[in-house]
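Inside the fold
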Amino acid sequence: MTRSLRGRLLLSTAIGAILVLSAAGVILYLLMRASLLREFDASLLAKARALAALVEQDGDRVKFEFENLNMPEFERPDRPEYFQVWRADGSVLARSKSLSAGNLDRLGETEGLPAHRSGMLPDGRRGRQIGIVFRARQEDEDENREQGRLAQLVALAVACETAGIDRTLTTLALLMGGIWAVAIAVMLGVLAVVVRRGLRPAEQLANRIGELDESDLSARIELADAPDELMPVIQRLNDLLRRMDDAFTREKAFSADVAHELRTPLAGLRTTLEVGLAQTREPARYREALSDCLGITQQMQAMVDNLLWLARAEAGQLGIDRESVDLAELLSGCWQAVAENAQRRSLHVEWQIERPCVLATDREMLRQALHNILDNAVTHADTGGRIRIEAGDADGRGWCRVANTGSRLTPQQVQRVFDRFWRGDEARADTGMHFGLGLSLTRRIVALLGGAISADVTGDGLFVVEIRI
Amino acid sequence: MRVLVVEDYAPLRKAVVQGLEEAGFAVDATGDGQEALWYAGDEHYDVIVLDLMLPGIDGLTLLKRLREAGNKTHVLILTAKDTLDDRVRGLNVGADDYLVKPFAFEELLARIRALIRRKYDTKDPLIRVGDLEVDTVRRVVHRGGEVVELTAREYALLEFLALRAGSLVTRTDIWEHVYEFHSSPESNVVDVYIGYLRKKIERPGSPRLIHTRRGQGYVLGDCP
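Residues numbered from 1 in each chain as written. Chains lettered and ligands numbered in written order. Predicted model: local features only at pLDDT ≥ 70, side-chain atom pairs only at ≥ 80, totals over all residues. Heavy atoms only, no water.

Points about the pattern of salt bridges
If you walk through the whole model with that rule in mind, you get 45 salt bridges over all chains. Linking B:Asp124 and B:Arg128 is a salt bridge whose minimum nitrogen-to-oxygen distance equals 3.7 Å. For the salt bridge of B:Asp131 with B:Arg143, the shortest nitrogen-to-oxygen distance reads 2.7 Å. Taken as a pair, B:Asp131 in the loop between strand E6 (126-129) and strand E7 (132-135) and B:Arg143 in strand E8 (residues 140-143) lie far apart in primary sequence, twelve residues in all. Take B:Arg143: its relative accessible area is 7%, and that puts it in the buried class. Here the salt bridges share partners, and the residues they tie into one network are A:Glu350, A:Arg386, A:Arg388, A:Glu390, A:Arg401, A:Glu466 and A:Arg468. (Salt bridge = Lys/Arg side-chain N within 4 Å of Asp/Glu carboxyl O. Helix = DSSP H or I, 4+ residues; strand = E, 2+ residues; numbered from the N terminus. Buried < 20%, exposed > 50% of the residue type's maximum accessible area, 1.4 Å probe, protein only.)

Here it is as structure tokens:
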């Protein structure tokens with residue numbers, strides 16, 4: 001079986017159509033033949049009846065009044081017809097001249113029921129024979145009945161060539177065969193066109209799919225006059241394309257961000273190592289270079305961790321595990337991680353926590369978010385500046401506000417602090433190592449936890465981040 | 001030769017400064033755009049190595065302002081932005097070269113040296129003054145085929161004089177191109193170093209190489 005849909009359709013419809021056409025042809029032929037034979041038989045029967053009328057019973061003797069026969073067809077030497085008449089005892093009463101000494105087969109057993117048979121005539125031509133059995137006509141019927149004499153049974157057979165019918169049937173068969181062949185040819189052509197037309201949308205769809213550029217997933221499949229059967233396929237494909245496009249775009253942006261943001265620390269690492277190796281140095285200098293490299297590596301690792309976390313969060317791979325979390329406790333825990341840095345930068349910290357503030361949320365995610373906010377504040381506050389940490393709950397939702405002094409951001413720039421990376425040509429507020437990623441991650445976490453985050457800057461350089469969970 | 005490094009990522013800035021200093025450059029460095037503008041204003045730098053994403057003023061704006069102010073210092077942009085668009089924009093704003101992070105320090109050095117040659121209108125990294133040869137790539141000096149051992153500062157001074165061989169070089173020029181911004185040498189330190197150089201490159205019986213123009217400065221090689 002061919003694998004092409006068109007081939008299959010064409011083959012099966014062609015076979016079906018040929019079968020139907022052939023059957024119709026055969027049935028028509030048989031009907032015609034039967035009709036012709038019926039007519040032929042009717043004329044044979046008429047002839048037989050005419051002959052039967054010549055059989056007469058006189059007393060016990062049955063006779064065939066041959067002198068009354070005026071039927072030259074039984075006498076002509078060329079293509080004659082035949083008849084033969086038998087008495088009840090089977091002896092031949094009469095036979096046509098054309099038979100000379102030959103015999104026809106006796107046909108028919110029952111009175112009044114003609115029997116027919118096709119076969120060979122005595123001279124070898126194809127022909128058809130009818131046989132009837134009848135009672136001989138009595139010359140004086142009433143007298144015979146009185147004397148208890150019954151009319152005797154006489155059998156009569158008439159045979160005649162069927163060349164006419166055969167010719168007609170042959171012509172008919174040839175004609176129908178020709179019509180059959182032409183019809184099949186025309187039908188196959190029409191079928192091919194119809195099948196191709198019918199499958200054209202599928203073919204177009206296949207072409208459209210083939211034309212899709214793997215590097216450009218923004219393309220969608222649009223098929224004018226697409227049949228209803230193909231609409232679900234097209235819709236699903238477009239959905240799939242859109243999802244792939246989204247994922248691909250996200251992936252591309254992510255890789256670009258990573259590559260871009262890792263370049264600077266990587267340059268730091270490479271240059272530190274290259275410069276360090278450029279000449280022989282005191283061990284202390286090597287130690288310093290190694291320590292610098294370690295610091296850079298740790299920053300890079302933190303960034304890679306954060307980026308991966310962010311990528312997973314954006315792909316929706318992180319599950320949320322809600323439990324009862326004390327915001328105040330979590331905040332003080334997070335502060336421990338950045339306290340050393342804050343101390344080194346001589347930052348002054350003010351706390352204002354309303355107790356109790358207990359939320360049902362994912363502890364680890366919230367910890368990460370709070371850590372990022374605190375780390376951002378400590379990193380960006382001016383040396384010797386202030387950090388103010390406030391938290392509480394209102395209407396069953398927790399809130400936390402972290403403010404640091406010394407921000408140089410403009411209100412326009414504040415709107416972009418949640419972008420994954422600080423992009424564009426505007427000045428960055430600080431080294432790109434911290435900016436963008438931490439708060440972008442935080443916004444994502446807060447969103448996953450069903451909360452909201454906002455940032456603002458006041459005229460005197462107070463940068464405020466607020467989350468509501 | 002004096003270089004200004006403007007890079008906001010401190011570990012990279014530190015490494016580049018160290019590498020350039022060890023290669024004999026007088027280096028000033030800053031991580032802030034505003035500060036960089038102030039540094040670059042006096043035009044004493046032979047090359048400015050400029051990062052694009054900076055706090056204060058971003059690199060491209062800074063470069064545009066320098067060029068608008070008529071500053072002709074050669075600028076090499078050193079950035080993580082690597083797209084064709086970024087590079088074209090950087091060069092179109094007035095940068096002389098563009099290097100993408102991460103880079104090989106060797107390449108940064110070579111590009112800075114190429115910019116310096118361009119500034120002093122010389123193509124050959126080997127400068128010849130009489131029988132004195134200054135190889136600015138290997139930083140080796142020969143006099144009459146013999147190697148002359150010089151300290152980093154002496155070499156820097158000689159290279160500066162050699163790049164401007166035949167022209168008058170004032171003490172202020174030397175001051176501004178061989179010393180970092182923050183150094184505060186004694187007033188006669190240039191004369192002292194010229195003295196050291198003379199001792200090392202001039203031999204009794206050979207013609208003088210460094211000529212003093214009293215009250216003005218020095219000329220290496222033949223007088224104009």
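Some points on the pairing of strand E15 (residues 463-468) of chain A
Residues and elements named next belong to chain A. Burial analysis of E15 places five of its six residues in the buried class, the great majority of the element. In this structure, strand E13 (residues 397-404) lies alongside E15, joined through six bridges in antiparallel fashion. Across the sheet, valine 402 pairs through a bridge with valine 465, a residue of E15. Where strand E14 (residues 452-457) and E15 come together, six bridges link them in antiparallel fashion. Counted as the bridge partner of isoleucine 453 is isoleucine 467 from E15. (Pairing = 2+ DSSP bridges.)

Things to note about the packing of aromatic side chains
Following the criterion strictly, the structure yields six aromatic pairs over all chains and no others. Look at A:Phe74 and A:Phe83: their rings are 4.9 Å apart centre to centre, the planes differ by 90 degrees, and that puts the pair in the edge-to-face class. By relative accessible area, A:Phe74 is classed as buried at 1%. Its relative accessible area of 0% is what places A:Phe83 among the buried residues. Measuring from ring centre to ring centre gives 5.4 Å for B:Tyr193 and B:Tyr196, while their planes differ by 75 degrees; the resulting arrangement is edge-to-face. Of this pair, B:Tyr193 and B:Tyr196 are both found in helix H8 (residues 189-201), three residues apart, which corresponds to roughly one turn of the helix. Of the aromatic side chains, those joined through ring pairs into one cluster are A:Phe64, A:Phe74 and A:Phe83. The residue whose ring lies beneath B:Arg2 is B:Tyr45, and the NZ or CZ to ring-centre distance is 4.7 Å. (Phe/Tyr/Trp six-rings, centres within 6.5 Å; stacked < 30°, edge-to-face > 60°. Lys NZ or Arg CZ within 6 Å of the ring centre and 35° of its normal.)

Looking at the nonpolar core
Buried together is how nonpolar side chains tend to be arranged in soluble globular proteins. With 62 residues, the main nonpolar core has B:Leu20, B:Phe25, B:Ile112, B:Leu161 and B:Ile174 as its most contacted residues. Of the residues forming this core, the biggest block, eight residues, is contributed by helix H6 (residues 152-163) of chain B. A:Trp309, A:Met365, A:Ala369 and A:Cys400 belong to the second largest nonpolar core, which has 44 residues in total. (Core = buried A, V, L, I, M, F, W, Y, C linked by side-chain atoms within 4.5 Å.)

Quick notes on the packing of helix H1 (residues 5-52) of chain A against helix H3 (residues 163-211) of chain A
Residues and elements named next belong to chain A. Contact pair H1 / H3: the axes reach a minimum separation of 9 Å and the direction vectors enclose 160 degrees. One element, H1, and the other, H3, form an angle in the roughly antiparallel class. H3 is crossed by H1, and the crossing has right-handed handedness. In terms of residue class, the contact of H1 with H3 is built from 27 nonpolar, four polar and four charged. (Axes fitted to C-alpha atoms, helices over the stretch in contact; angles between N-to-C directions. Parallel < 35°, antiparallel > 145°, perpendicular 65-115°, else oblique. Left-handed = near helix turned anticlockwise from the far one by under 90°. Nonpolar A, V, L, I, M, F, W, Y, C, P; charged D, E, K, R; others polar.)

A short note on the sheet that holds strand E6 (residues 126-135) of chain A
Residues and elements named next belong to chain A. One open sheet accounts for five strands, arranged E4-E3-E8-E6-E5; its pairing is antiparallel. Each having just a single partner strand, strand E4 (92-95) and strand E5 (115-120) make up the two edges of the open sheet. Sheet twist, expressed as the average angle between the axes of neighbouring strands with direction ignored, equals 20 degrees. Relative to strand E8 (residues 153-161), E6 runs antiparallel, the two sharing nine bridges. Note that in E8 the partner of arginine 128 across the bridge is cysteine 160. Strand contacts of H1: strand E3 (82-86), E5, E6 and E8, with the helix running at about 45 degrees to E6, the strand carrying the most contacts. (Contact = heavy atoms within 4.5 Å.)

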